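# Commentary on secondary and tertiary structure
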Amino acid sequence: MEKYIGAQGVLEKKKNYIMPCLGHFYANPPEFVRGRMQFLFDDTGKKYLDMYAGVSVINCGHCNPFITRRIVEQIQKLQHVCNIYLTEHFVNLAERLAEVTPGNLQKSFFCSTGTEANEGALLLATIYTNSSEFIALQNGLHGRTKLTMSLTGIGMWRTDPNPVGGISFAPNPYCYRCPLGKKFPECDLECANKIETIIQTATSGRPAAMIAEPIQGNAGIVVPPPGYFKRVKEILEKYGALLIIDEVQTGFARTGKMFAIENFGVVPDIMSMAKALGNGQPISAFISTAEIADYYIRPGASTLGGNPVSSTAGLAVLDYIASKNLMRNAFERGKQLKNGLLALQKKYPIIGDVRGIGLMIGAELVHADKSPAVRETDAIIEALKDLGFIVGKNGVGRNVLAFQPPLIITAQDVDDTLNALNLVLAKGYAN
């Protein structure tokens, strides 16, 4: 049997050799050493149902045999030559992305991380509009580079003490905790209307673009109300600004559509993607219309972007999603999970709000005064972990249970998760 250093050994090496900015979940974290579809295993052999998928990465399951086989076959033939040389893998993947993305998005640029994809999308918007001003949403998260971090609207992730200027933040469409103190639909989408005021008063009047997640992940699975993005797009078009949609966490069938923005009836001008495209293999891309993309003519390359192995993984992911109809499963299992959480909400007042689309669902935990139940959230995910269930947490207050599992989960998996959560809540973590 293979020997591992165990959780304590990992923690000790992490303390000595990893920069302290990198935290971890759990007071008593396991060391994960193996994965199989929707399950993880630690160094002791304990089995866990993964209801977080590495933060929406493993949409097709851990070590999926279909995808893994294709990757292994490719890595044994050709691993890397850089995208300044000709291989067919990345152009074939770009063609497939043009087919599955909404509207007339057509031309892609490949890189390795979601941060890079967002940075590239922002650069493309600047080139096309000849403007460097941007609008972002409060509580959004877009990456770790200086520009993407500056566009991030969550304080804990804005660690750069000197953020980039020329950025304005609009109130996010967080109906449970409306930053404007309004209620939908009586608000007439005031959070969207504010964008026009921001353009008129806080910019030159011609910003390059607005960047937004269609569902804000790290903000706590914040889903905008109906009509929000249509209103936003109308305002941006009025001022010649582009709409960049960040699908890094929401893309590739997670919401029951191939991309989450399709749930809102809007086609972005530029879209970024990563995470689930490689099912664990590092790959990302940004895609735009031919009109916009063709402005990017000065030299640009990415050493590892679109390499044959990552591109093969992306093609295999798209094949698997289609062959197994994962969009349908995400819709059905998501409906089952959401209904189950709503039923638990009636039993346990600590569940203040349940929201999400498909298999991207958040349950916000609160005290009686609606303040974030932070300590209770940590205790609950720890107890679920001990029972063999991996559930994430997010939200500005870190008080939202995040359910973002592999899209292959079964009805039994959902029932088991709901039963485990009910058991944990019944033991006294509810207020």
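Attention here is on the structure that accompanies the text.

### Here's the deal with the packing of helix α7 (residues 190–202) against helix α8 (residues 228–238)
Two elements in contact, α7 and α8, have axes whose closest approach is 8 Å; the angle formed by their N-to-C orientations is 15 degrees. Classified by the angle their axes make, α7 and α8 are roughly parallel. Our pair here, α7 against α8, has a crossing hand that is right-handed. When α7 is examined against α8, the residues C191, A192, N193, I195, E196 and I199 are found in contact with a partner set consisting of Y228, R231, V232, I235, L236 and K238. Taken together, the residues that form the contact of α7 with α8 break down as 8 nonpolar, 1 polar and 3 charged.

### Looking at the environment of E262
Following the sequence through the fold, E262 ends up in the loop between β8 (242–246) and β9 (270–273). By relative accessible area, E262 is classed as partly exposed at 31%. For the pair E262 and P102, spaced 160 residues apart in sequence, the C-alpha to C-alpha distance is 7.0 Å.

### Quick word on the pairing of β8
By the criterion of burial, β8 is predominantly enclosed, with 5 of the 5 residues buried. A two-sided burial pattern is seen for β8, the buried positions comprising L242, I244 and D246 on one face and L243 and I245 on the other. For strand β7 (residues 209–212) and β8, the ladder comprises 4 bridges, and the chain directions are parallel. Looking at β8, one finds that M210 is bridged to L243. Crossover handedness for the path β7 to α8 to β8: right-handed. Sheet topology places β8 next to β9; 3 bridges connect them, and they run parallel. Counted as the bridge partner of I244 is I270 from β9.

### Description of the sheet that holds β9
By way of backbone hydrogen bonds, the strands of a sheet pair with one another, either parallel or antiparallel. What the 7 strands build is an open sheet, ordered β4-β10-β9-β8-β7-β5-β6; its pairing is mixed. The two strands at the open ends of the sheet, each matched to only one other strand, are β4 (107–111) and β6 (167–170). Strand-to-strand twist in this sheet, taken as the mean axis angle between neighbours without regard to direction, amounts to 20 degrees. Direction of pairing for strand β5 (residues 134–137) relative to β7: parallel, over a ladder of 3 bridges. Pairing of I135 across the sheet is with M210, part of β7.

Each value, and the rule that gives it
- Every residue gets a number counted from 1 within its own chain, in the order that chain's sequence is written.
- Only residues with pLDDT of at least 70 are given local features in this predicted model, and only at 80 or more are side-chain atom pairs given and counted; all residues enter the totals for whole chains, interfaces and linings.
- Where side-chain values are given, they derive from all heavy atoms of the structure, hydrogens and water being excluded.
- Only the stretch in contact is used when fitting a helix axis, every axis being a line fitted to C-alpha atoms; angles between N-to-C directions are given from 0 to 180 degrees.
- Helix numbers and strand numbers start at the N terminus; a helix is a DSSP run of H or I with at least 4 residues, a strand a run of E with at least 2.
- Any angle that falls under 35 degrees is termed roughly parallel, while one over 145 is termed roughly antiparallel, one within 65 to 115 roughly perpendicular, and all others oblique.
- Crossing handedness is defined as follows: a turn of the near helix away from the far one that is anticlockwise and smaller than a right angle gives a left-handed crossing, while the clockwise case is right-handed.
- Any pair of residues with heavy atoms lying within 4.5 Å of one another is described as a contacting pair.
- Three categories are distinguished: nonpolar for Ala, Val, Leu, Ile, Met, Phe, Trp, Tyr, Cys and Pro, charged for Asp, Glu, Lys and Arg, and polar for the others, with Gly belonging to the last.
- Accessible area is worked out with a 1.4 Å probe on protein chains only. A residue is then buried under 20% of its type maximum, exposed over 50%, and partly exposed in between.
- A pair of strands is treated as paired once DSSP finds two or more bridges between them.
- We call a crossover right-handed when, viewed with the strands running away from us, the connection from the first strand over the helix to the second turns clockwise.

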